[in-house]
Amino acid sequence: MIMKPPSVCFLALSALTLPSCSLAPDLAERPPALRDMEEPLDLRAEPSDEAARAAMPAGSFSGLYVKDARETLEAKLNDPEAVVIERVVENSPADRAGLAPGDLLLEVELDGGAPREIATPSQWRQLELTASPGSKLALVVDRAGREAETELTLVGRVRPAGRDATDRYREEQRVGVVFRTATEVEARSAGLGPGAGAVIVGMSQKSPWRRAGLQFGDLIVAAGGAELTHPQQLLNQIREAGGDRLSLVYVRGGQRAEVDAALTTRSSTLRELSVPPLFSYEADRGQSEWSALLGLVHYRSTAAAWRFRLLWVIAIRSGDADELQEPGA
């Protein structure tokens, strides 16, 4: 019995054997980075406003340090916002109140006022900065799945809290913008808690936000009618927006302004076309190539050069020189 070989993907046509074809060509799993993204060098460094931060009122002190309870990016996108106690300073008001690392902070009540949720670390810092020393906080926490209540009294802070490094975020699907967390000086100057808001530090040349008038250094403080207590909320607003526009409130030069900015989608381009043996075409990020009539005619180009070949023996090639033209030439 003669065993037949596995099915092949080639076709013999008049003694011409075509190259094997693939019914499932490799496809990119992630979109490529935007090649026209502009990120000015002076906006890549950590902002140097420490002197201005040290001159600001230090606010009150609880001895409580919190962090985002959602550890992964997937959780940040899908789970409810929450903060968890990361550290409790020894002999501080929080320590005397019995709070411990790992407690989930659910609710806080200031001086008998209405209870409020603390969803992000910036909201807790804002509370400490705006509440006067001697203010009483009633807290509801979750410890190992059980709710507990406690109280603490804020004291005056002797020196400013430690400085947190800024984080950068990229959005390249609908807007084409890079932004970072605001520094404490930037956030407090805009009426936000430290870590809130989003500062634009990069934009695609084709970004709809650039066309809407937004500029590098603008601090976005609200999106879709909601104040930004963390830059992740801006990413969520962009990704979940059902329409093609998003209302933004931003601060520039100390002045607030509002804009209804457009959203877009990634453009696509033809990458490959093949009609063996007559014609084939392929393009991929900055270069393209086509051939016809079994390769009798062939052309390849990149951003810097091109080459044309006819009958395998006649070839012409041209490209950029290593100098600029004289003005007016």
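Below: a short report on this structure. (Residues numbered from 1 in each chain as written. Predicted model: local features only at pLDDT ≥ 70, side-chain atom pairs only at ≥ 80, totals over all residues. Heavy atoms only, no water.)

### Let's talk about the pairing of strand β8 (residues 136-143)
Then, number 1: Inspection of the sheet shows strand β7 (residues 104-110) paired to β8 by six bridges, in the antiparallel sense. Across the sheet, residue Glu-109 finds its bridge partner in β8, namely Ala-138.
Then, number 2: When β8 meets strand β9 (residues 146-153), the two strands line up antiparallel, connected through eight bridges. Its bridge partner being in β9, Asp-142 is matched across the sheet by Glu-147.
Then, number 3: Between the end of β8 and the start of β9, which pair antiparallel, lie two residues, with Ala-144 showing a positive phi angle near 55°. (Pairing = 2+ DSSP bridges. Helix = DSSP H or I, 4+ residues; strand = E, 2+ residues; numbered from the N terminus.)

### Here we look at the environment of Thr-229
Then, number 1: By the element assignment, Thr-229 lies in the loop between β15 (226-227) and α7 (231-240).
Then, number 2: Take Thr-229: its relative accessible area is 9%, and that puts it in the buried class.
Then, number 3: Each C-alpha atom of the pair Thr-229 and Gly-193 lies 7.3 Å from the other, and the pair is 36 residues apart in sequence.
Then, number 4: Look past the residues within four positions of Thr-229 in its chain and what remains in contact with it is Thr-120, Ser-122, Gln-123, Gly-195 and Ala-196. (Buried < 20%, exposed > 50% of the residue type's maximum accessible area, 1.4 Å probe, protein only. Contact = heavy atoms within 4.5 Å.)

### Re empty space enclosed by the protein
Leftover empty space is mapped by rolling, across the atoms, a probe with the size of a water molecule.
Then, number 1: Tallied over the entire structure, the rule returns one cavity of 30 Å³ or more.
Then, number 2: Each pocket or cavity is described by its volume, and for the largest cavity that value is around 40 Å³.
Then, number 3: Contributing elements (two or more residues each) for the lining of the largest cavity: α4 (121-130) and α5 (184-189).
Then, number 4: The residue makeup of the lining of the largest cavity, split by class, is six nonpolar, no polar and five charged. (1 Å grid on protein atoms, 1.4 Å probe; cavity = no way out; pocket = protein on both sides within 12 Å on 5 of 7 lines; lining within 4 Å. Points joined across faces, edges and corners; volume = space filled by probe spheres on them. Nonpolar A, V, L, I, M, F, W, Y, C, P; charged D, E, K, R; others polar.)

### What to know about unusual backbone geometry
Then, number 1: With a phi angle near 50°, Asp-111 is a residue other than glycine that sits in the positive phi range.
Then, number 2: Mapped onto the elements, Asp-111 comes out in the loop between β7 and α4.

### Quick notes on the sheet that holds β9
Then, number 1: Here we have five strands laid out as an open sheet, ordered β5-β6-β7-β8-β9, and antiparallel in their pairing. Both outer strands of the open sheet, β5 (64-68) and β9, are each paired with one neighbouring strand and no more. Strand after strand, the sheet turns through a mean of 40° between neighbouring axes, direction not considered.
Then, number 2: Both strand β6 (residues 83-88) and β7 contribute to a ladder of two bridges, which runs antiparallel. The residue of β7 that forms the bridge with Val-83 is Leu-105.
Then, number 3: Most of the contacts of α4 go to β5, to which it runs at about 155°, and overall it touches β5, β6, β7 and β8. (Axes fitted to C-alpha atoms, helices over the stretch in contact; angles between N-to-C directions.)

These figures capture arrangement, not role.
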